[in-house]
Amino acid sequence: MKAITESARRSRQWLRQQGLLVRPWLYAAATAGLLQTLAIMAQMGLMAWLVHSLLIEQIPLASLAWPATGLVLAVLVRALAQAAQERCGQHASARVRQRAREQLASDWAALGPIRLADRSSAALSNQWVEQVEALDGYYARYLPQQWLALLSPLLILLLVFWLDWLAALFLLLAAPLIPLFMALIGMSAEKVSQQHVLEAGRLAGHFLDRVRSLTSLQLFGQVGAATRSVQDAAEHYRAVTMRTLCIAFLSSAVLEFFASVAIAVVAMYIGFGLLGYITYGPAEQLTLFSGLLILLLAPEFFQPLRSLAQSYHDRAAALAAADGMAALQMEAAAVGQPNALAPQTEDTVGIRIRGVGLAYPGRGQVLSHVCLQIARGQVVALTGPSGAGKSSLLHCLAGFVTPQAGSLSLFGRSPGELPLAWLGQRPFLIQGSWADNLRLTAPQASSNEMLRALEAVGLAPLLAVQPEGLDTLLGEGGRGLSGGQAQRLALARVWLSSAELVLLDEPTASLDQRSEAEVIDALRALAHSGKTLVIATHHPALMALADQAYALKQGKLADA
């Protein structure tokens, strides 16, 4: 229960902070809503006056031109005010959603790919699209309507009280029942909405994992089992969705019930009062004008509460979405705390690593007081057994993670500020042409520049036999190329980039001997281009390529 309370508090605080950015637009939406209420009161008053004048006072229709004109103007003002309210609300919502996506991108960048590795890309996409869109109704409709649900009925109640205080009393007694039941239902709606958001992310990740593993599932004959698991997950998500909808419909039904009962009581009072059956209080002073005006205003008295109830599930959805984004923001803020020792920026010649220490939750210390200096243009190999800390040191250099101790300086800059090139065991290649993949790091690269880069990594002969040259299409992940060819295509992309520092994490892992030799030749050419290479490896051929090798053992560094 404590965790739920803390989660709710964090979500509300996050939503409040976002609302501060668009407060003028929210005030403008509420003001337009109040103007609409005044126009409604004028419209209903003029309608009642026209009916009373025609039926009771027998005034000719030609003499009522000015009230009729006023009625048309009131309807026009009402429509314009409603449009202004929606426009202001939508503008506020768009600003908040844009800001939320900017914050998400910033938080993901602060966490880096290592801390985001335990989150599926489907869940992140769901957060970027669905959860951010869940904020729309909260800022566009709910927040302005929250003020209008208080102020608009109050204005109408004052007018009804002036006309007939007993009818106003009936409305006043019925009004608190609606927010009370909305609050009771809303408690359940908030919990179900949080579960709905969680299940949506799980289903997206579950489905994407099965699609990515489709080849392996077919090879092992597990397609049927995978299909059933997706069906089970989808059925569970459907059940959660239906519970959310049931609560939304229940809140609307409760509101309509109490509003209808209150309006019926007012109608009966006015009817019996006009017929002379009620002689208590102000009933004897009722006229067709006052009675009809009260009847016309009674539904409008409950309309702001109806609108609030209709958008109440928007609040629950926004709270559920805000919980994940607020937690992510807190995590990113904690990761982004500056080191105890600031990076030394006076050395612009090479790379300096001073006393770096890094620990992961659940793994303990992975790097301990690592000190290292690398000259510009040098090729360095980091060696050691698996788990020694080679990849973790590369992650620190790349800015993927922030060490808890020590400092790093990359040519006088902090990690993450300097453009660099990264090549892991599996190169990142998109579904597209050779040119599309090469232009990922150099969008303005010409055909001649791409051809020179491919020649430098030894892929010119392979390109020459491609049916469409640089426009030849590749599948996702480089399907159509061997492992070594895919690595060399990624290296050609490094050639085209302006990055001075290239970090390589086991670039020849899982390659056969011939492919490994081809990649090493390409790396040798890359090293001769003047770029600084830091390679994490345990392959002797790559270690022979290095100007200097360092061995890591249990997170500590020593000369190899």
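Residues numbered from 1 in each chain as written. Predicted model: local features only at pLDDT ≥ 70, side-chain atom pairs only at ≥ 80, totals over all residues. Heavy atoms only, no water.

Caption draft 1: The pairing of strand β8 (residues 501-505), seen in detail. Along β8, 5 of the 5 residues are buried, which leaves the element largely enclosed by surrounding structure. Of the two faces of β8, the one holding Leu501, Leu503 and Asp505 and the one holding Val502 and Leu504 are both buried throughout. Here 5 bridges tie β8 to strand β9 (residues 532-536), and the two strands are oriented parallel to one another. Each residue of the ladder has a partner; that of Asp505, found in β9, is Ala536. (Buried < 20%, exposed > 50% of the residue type's maximum accessible area, 1.4 Å probe, protein only. Helix = DSSP H or I, 4+ residues; strand = E, 2+ residues; numbered from the N terminus. Pairing = 2+ DSSP bridges.)

Caption draft 2: Examining helix α10 (residues 288-310) more closely. Counted at 1.5 Å a residue, the expected span for α10 with its 23 residues is 33 Å, and the 33 Å between its end C-alpha atoms agrees. Along α10, the largest kink reaches about 35° and is centred on Gln303; proline Pro304 follows within four residues of it. (Expected span 1.5 Å × (residues − 1). Bend = angle between axes of the 7 residues up to and from the residue.)

Caption draft 3: Quick peek at empty space enclosed by the protein. Scanning the model with the defined rule gives 2 cavities of 30 Å³ or more in all. Of the volumes computed, that of the second largest cavity is approximately 30 Å³. Counting only elements with at least two residues in the lining of the second largest cavity, the list comes to α3 (65-115) and α11 (312-335). If one sorts the elements of the lining of the second largest cavity by residue count, α3 sits on top with 4 residues. A per-class count over the lining of the second largest cavity returns 4 nonpolar, 2 polar and 1 charged. (1 Å grid on protein atoms, 1.4 Å probe; cavity = no way out; pocket = protein on both sides within 12 Å on 5 of 7 lines; lining within 4 Å. Points joined across faces, edges and corners; volume = space filled by probe spheres on them. Nonpolar A, V, L, I, M, F, W, Y, C, P; charged D, E, K, R; others polar.)

Caption draft 4: How the structure looks around the environment of Thr508. You can see Thr508 is positioned in the loop between β8 and α17 (513-528). Considering only alpha carbons, one finds Thr508 and Glu518, 10 residues apart in sequence, at a separation of 9.7 Å. Those residues within four positions of Thr508 in sequence are excluded, and the remaining contacts are Glu516, Val519, Ile520, His539 and Leu542. (Contact = heavy atoms within 4.5 Å.)

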